[in-house]
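Overview (structure and organization)
If you want the building blocks of each chain, they are given just below.
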Amino acid sequence: MKESSNITILYVDDEEINLLLFGRSFSKKHNVLSAGSGREGLEILGRNENIDVVISDMRMTDMSGIEFIKLAKQEYPEKIYFILTGFVFGEEIESALKNKLIANSFSKPFNQDQIEGAIYDALH
């Protein structure tokens, strides 16, 4: 059972303001790493074996969050993956949930307590 201060989260989003907001919100309780693209997210995963949770924006310029998570999960299946989106949950997200590609999905603006609860549930 991990203490919340020992949980490392990788947040992937191509909008700088979202990276800053997420980091500010979650870094008080968790170790937060951020990536500005799916490719950068894959690079960071390759360099940091202590990442427990990956949260990705759905719509990014280089690849969608689902595409990123599919690639990441092939290499790092033990990580817990979530999608965060500012758009309506579509078929792609529903399918990812049903097929257990992601543990959960969240809407922007995000609810910090909801995300922390889901992380805690997934890791315990």
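Below is a summary of the structure that appears in this document. (Residues numbered from 1 in each chain as written. Predicted model: local features only at pLDDT ≥ 70, side-chain atom pairs only at ≥ 80, totals over all residues. Heavy atoms only, no water.)

Brief notes about the overall build of the protein chain
We apply this condition: Counting from the N terminus, the helices are DSSP H or I runs at least four residues long and the strands are E runs at least two residues long. As a reference, a globule follows 2.2 Å times the number of residues to the power 0.38, and the radius of gyration itself is taken over C-alpha atoms. Residue contacts are counted whenever heavy atoms from the two residues lie within 4.5 Å of one another. Each accessible area value is a Shrake-Rupley result obtained with a 1.4 Å probe; residue values ignore everything except the protein chains displayed when judging cover.
Helix and strand counts for the protein chain come out as 5 helices and 5 strands. Computed over C-alpha atoms, the radius of gyration of the protein chain comes to 13 Å, within 12% of the 14 Å expected from 2.2 N^0.38 for 124 residues, which places it in the range of a compact globule. Across its three principal directions, the C-alpha atoms of the protein chain cover 35 × 30 × 25 Å. Sequence-distant contacts, at least 24 apart, represent 60% of the contacts inside the protein chain between residues at least 6 apart. Of the roughly 6,900 Å² of accessible surface on the protein chain, 48% is carried by carbon and sulfur atoms.

Observations regarding helix α5 (residues 112-123)
Rules: Helix span is expected to be 1.5 Å times the residue number reduced by one. The rule is simple: take the accessible area with a 1.4 Å probe, protein chains only, and divide by the maximum for that residue type; under 20% is buried, over 50% is exposed, in between is partly exposed. Working definition: the arc comes from the directions between the helix axis and the C-beta atoms, pointing outward to the latter. Identification of polar contacts relies on pairs of N or O atoms within 3.5 Å, with a donor-acceptor requirement for protein atoms, meaning one able to donate a hydrogen and the other able to accept it, and with residues adjacent in sequence counted only if both atoms are side-chain atoms.
Helix length check: α5, at 12 residues, gives a terminal C-alpha distance of 17 Å against a target of 16 Å (1.5 Å per residue), a fit within 8%. Residues I115, E116, A118 and I119 constitute the buried set of α5. Taken end-on, α5 shows its buried residues confined to a sector of 160°, consistent with a single buried face. Exposed residues pointing more than 90 degrees away from the buried face of α5 are listed as D113 and D121. On the buried face of α5, the contacting elements are β1 (8-12), α1 (16-26), β3 (53-57), β4 (80-85) and β5 (104-107). The residue sitting at the N-terminus of α5 and contributing the capping side-chain oxygen is N111; that oxygen lies 3.0 Å from the backbone nitrogen of D113.

Quick look at a nonpolar patch on the surface
Applicable threshold: Any residue with relative accessible area above 30% and no salt bridge may belong to a patch, with like charges joined within 9 Å and the nonpolar Val, Leu, Ile, Met, Phe, Trp and Tyr side chains within 5 Å. One side-chain nitrogen of Lys or Arg within 4 Å of one carboxyl oxygen of Asp or Glu is enough to make a salt bridge.
On the surface, I17, L20 and L21 cluster together to form a nonpolar patch covering roughly 280 Å² of accessible area. Its location among the elements puts L20 in helix α1.

Observations concerning the side chain of H30
Structurally, the position occupied by H30 is in the loop between α1 and β2 (31-35). Of note is the side chain of H30, whose polar atom sits 3.5 Å from the side chain of E116.

Quick notes on the packing of aromatic side chains
Note the threshold: For this analysis, a ring pair means two rings from Phe, Tyr or Trp (six-membered ring only for Trp) whose centres lie within 6.5 Å, classed as stacked if their planes differ by under 30 degrees, edge-to-face if by over 60, and tilted for the remaining angles.
One pass over the full model with this rule turns up 5 aromatic pairs. A ring pair is formed by F22 and F110, whose centres lie 5.7 Å apart and whose planes are at 65°; its orientation type is edge-to-face. Here the residue F22 occupies a position in helix α1, and F110 occupies one in the loop between β5 and α5, the gap between them amounting to 88 residues. Judged by centre distance (5.4 Å) and plane angle (40°), the rings of F82 and F106 are tilted.

Details of the nonpolar core
Basically, it comes down to this: Residues belong to a common nonpolar core when they are buried Ala, Val, Leu, Ile, Met, Phe, Trp, Tyr or Cys residues joined through side-chain atoms within 4.5 Å.
Residues L10, L45 and F68 are the most contacted members of the largest nonpolar core, which totals 21 residues. Elements with a minimum of two residues in this core: β1, α2 (38-47), α3 (65-75), β4 and α4 (91-98). Per-element tally for this core: the top contributor is α3, with 4 residues. Ignoring sequence-local partners within four residues, the contact set of L10 consists of L33, S34, A35, G41, I44, L45, I51, V53, V54 and I55. One finds I9, V53, F106 and I115 within the second-largest nonpolar core, a separate group that totals 15 residues.

Quick notes on the pattern of salt bridges
Enumeration over the complete set of coordinates arrives at 4 salt bridges. The closest approach of N and O atoms between D57 and K108, which form a salt bridge, is 3.0 Å. Placement of the pair is D57 in strand β3 and K108 in the loop between β5 and α5, with a sequence separation of 51 residues. Here D57 falls in the buried class, since its relative accessible area comes to 4%.

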